[in-house]
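Report on the structure
Chain residues, written in single-letter form:
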Amino acid sequence: MTRSDQLRAMSEEHSAHNYHPLPIVIAEADGAWVTDVEGRRYLDMLAAYSAVNFGHRNPRLVEAARRQLERVTLVSRAFDHDQFGPFVTELAELCGKDMVLPMNSGAEAVETALKTARKWGYEVKGVPAGQANIITFDGNFHGRTTTIVSFSTDPDAKDSYGPYTPGFRTVPYGNVAALEAAMDDDTVGVLVEPIQGEAGVNVPPSGFLRAVRELCSARGALMLADEIQAGLGRTGTTFACDHEGVVPDVYILGKALGGGLMPVSAVVADADVLGVFRPGQHGSTFGGNPLACAIGREVVAMLRTGEFQERSRELGAHMHRRLGELSSDLVQEVRGRGLWAGVELHGRARPVSERLMELGVLAKETHETTLRLAPPLVIEREDLDWALDQLETALKG
């Protein structure tokens, strides 16, 4: 047996089978490239679902983490530390908001946003106790907690986890009329992905996000934008909402905020929203820890330069031009924005991702027929072109 075979056998025997990974065991990574335990290199065209936007082991981020590791990594929120105030201030400024509530995983940030909307609804809007509702959209993916899967429309994510949490209404993604019909005086929030990632990189119709913003303002509900995958440079702008000039009431951030080094997430809003929390009403032992804040501060500093947004915008336009020229009967549609694409196929995408792996490119399928592409924003143009050449080869079978 190869070393990969041995390690995969251990995983198969002793880990829960909640993932179906490609048959590769990675041992090292740098920039847009990874190396397996046998020493073979692969170009990463997934970037850990946007968590590695700035590349594997980005030198600036590694150095920020190293400096902090030598000082202090955790004190809990029982005490302040010298990275916390600067982190929340700098992230709030990046978002154009007043306040930040740091958490760890993306799902924790979504849960925090849902609690924020309900608490705001009862204490500020005046919704009767227990009557608040939040609107969500079909095809959504916001995490895997029992509350979040309660409004999922994906059977794999939802089935066998009931009884489900009430208080949610789900309408078709991109359908303004359905959203308006679902909203009432007890609606406290609309939770939306500006681009649906897990559903296959689905871009909503032009004007949809503006309409969501206008309806929320008119009906006195919070617009909650889940920018966990779509944000922080992935689509060619700092936030995907920026493409329509929309500013939500609440930004939900994660993945790339941790620089690919550790889980860092946050809910960002103005004081009239996040100000509803009082001591003891919400928290996290690790949320906003010194190491996370030091890394997050460096991420914010890198985004302030605009360099990564520009790379995503320019390389993304090139990638989409090339994807649009693919000469394969297998390709049904290409969706996406920036360095993010969903290639919809006539048939299963898994065999294509496996052939790509054999050719030295790592990508992953979603929902059977969509191949997702989301390379690190640091990818070189010639490497991107090479990967797209391999994709054309893989599509030929």
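Structure's up top.
The present account deals with the structure reproduced in this document. (Residues numbered from 1 in each chain as written. Predicted model: local features only at pLDDT ≥ 70, side-chain atom pairs only at ≥ 80, totals over all residues. Heavy atoms only, no water.)

Okay, the overall build of the protein chain next. The helix and strand inventory of the protein chain stands at 14 helices and 15 strands. Relative to the globule expectation of 21 Å for 397 residues, the C-alpha radius of gyration of the protein chain, 21 Å, shows essentially globular dimensions. Dimensions of the protein chain along its principal axes, counting C-alpha atoms only, are 60 × 50 × 45 Å. By the burial criterion, 55% of the 397 residues in the protein chain qualify as buried. Across the protein chain, contacts joining residues at least 24 apart in sequence account for 72% of those joining residues at least 6 apart. Charged side chains of the protein chain number 39 positive and 54 negative; the gap between the two group centres comes to 2 Å. (Helix = DSSP H or I, 4+ residues; strand = E, 2+ residues; numbered from the N terminus. Rg over C-alpha atoms; globule rule 2.2 N^0.38 Å. Buried < 20%, exposed > 50% of the residue type's maximum accessible area, 1.4 Å probe, protein only. Contact = heavy atoms within 4.5 Å. Lys, Arg positive; Asp, Glu negative; His and termini not counted. Charge placed at Lys NZ, Arg CZ, Asp CG, Glu CD.)

Below, the discussion takes up the packing of aromatic side chains. As enumerated under the stated definition, the model contains 7 aromatic pairs in all. An angle of 35° between the planes, with centres 5.9 Å apart, marks the rings of W33 and W386 as tilted. Of the two residues, W33 sits in strand 2 (residues 33-36) while W386 sits in helix 14 (residues 381-395), which places them 353 residues apart along the sequence. Here W33 falls in the buried class, since its relative accessible area comes to 16%. Note on Y173 and F208: the rings are 5.6 Å apart at their centroids and 70° apart in plane angle, and the pair reads as edge-to-face. With Y173 in the loop between strand 6 (168-171) and helix 8 (176-182) and F208 in helix 9 (residues 208-219), this pair connects stretches of sequence that are 35 residues apart. Given the relative accessible area of 2%, F208 is considered buried. An aromatic cluster is present here, built from F137, Y173 and F208 joined pairwise through their rings. (Phe/Tyr/Trp six-rings, centres within 6.5 Å; stacked < 30°, edge-to-face > 60°.)

Attention now moves to the sheet that holds strand 11 (residues 331-336). The 4 strands lie next to each other as 11-12-15-14, forming an open sheet whose pairing is antiparallel. Every other strand in the sheet has two partners, leaving strand 11 and strand 14 (364-366) as the edge strands with one partner each. For this sheet the average axis-to-axis angle between neighbouring strands, irrespective of direction, equals 30°. (Pairing = 2+ DSSP bridges. Axes fitted to C-alpha atoms, helices over the stretch in contact; angles between N-to-C directions.)

So, about the layout of surface pockets. When its volume is computed, the second largest pocket comes out at roughly 390 Å³. Looking at the second largest pocket, it is lined by 15 residues, and the ones nearest its centre are R77, V100, L101, F277 and H282. No other element matches strand 4 (residues 99-103), which puts 4 residues into the lining of the second largest pocket. For the lining of the second largest pocket, the class distribution of residues is 8 nonpolar, 5 polar and 2 charged. (1 Å grid on protein atoms, 1.4 Å probe; cavity = no way out; pocket = protein on both sides within 12 Å on 5 of 7 lines; lining within 4 Å. Points joined across faces, edges and corners; volume = space filled by probe spheres on them. Nonpolar A, V, L, I, M, F, W, Y, C, P; charged D, E, K, R; others polar.)

Among the 5 residues that make up strand 10 (residues 265-269), 5 are buried, leaving the element largely enclosed by the rest of the structure. The side-chain alternation of strand 10 yields two buried faces, one formed by S265, V267 and A269 and the other by A266 and V268. Two strands pair when backbone bridges link them, and strand 4 and strand 10 are joined in this way by 5 bridges, in the antiparallel orientation. Looking at strand 10, one finds that L101 is bridged to V267. Bridge count between strand 9 (residues 250-253) and strand 10: 4 bridges; the pairing is antiparallel. By the bridge assignment, L253 is partnered in strand 10 with A266.

Glancing now at the packing of helix 3 (residues 59-69) against helix 11 (residues 290-304). Helix 11 packs onto helix 3 with a crossing angle of 150° between their chain directions and a minimal axis gap of 9 Å. The angle between helix 3 and helix 11 falls in the class roughly antiparallel. In this structure, helix 3 crosses over helix 11, and the sense of that crossing is right-handed. Contact with helix 3, carried on its side by R60, L61, A64, A65, R67, Q68 and L69, involves P290, L291, A294, I295, E298, V299, A301 and M302 of helix 11 and no other residues of that element. Broken down by class, the residue content of the contact of helix 3 with helix 11 amounts to 11 nonpolar, 1 polar and 3 charged. (Parallel < 35°, antiparallel > 145°, perpendicular 65-115°, else oblique. Left-handed = near helix turned anticlockwise from the far one by under 90°.)

Let us look at the sheet that holds strand 3 (residues 41-44). In spatial order, the strands read 1-2-3-13; together these 4 strands make up an open sheet with mixed pairing. Since the sheet does not close on itself, it has two edges, and those belong to strand 1 (26-30) and strand 13 (361-362), each with one partner. Alignment of strand 1 against strand 2, held across 4 bridges, turns out to be antiparallel. Note on strand 2: the bridge partner recorded for E28 is T35.

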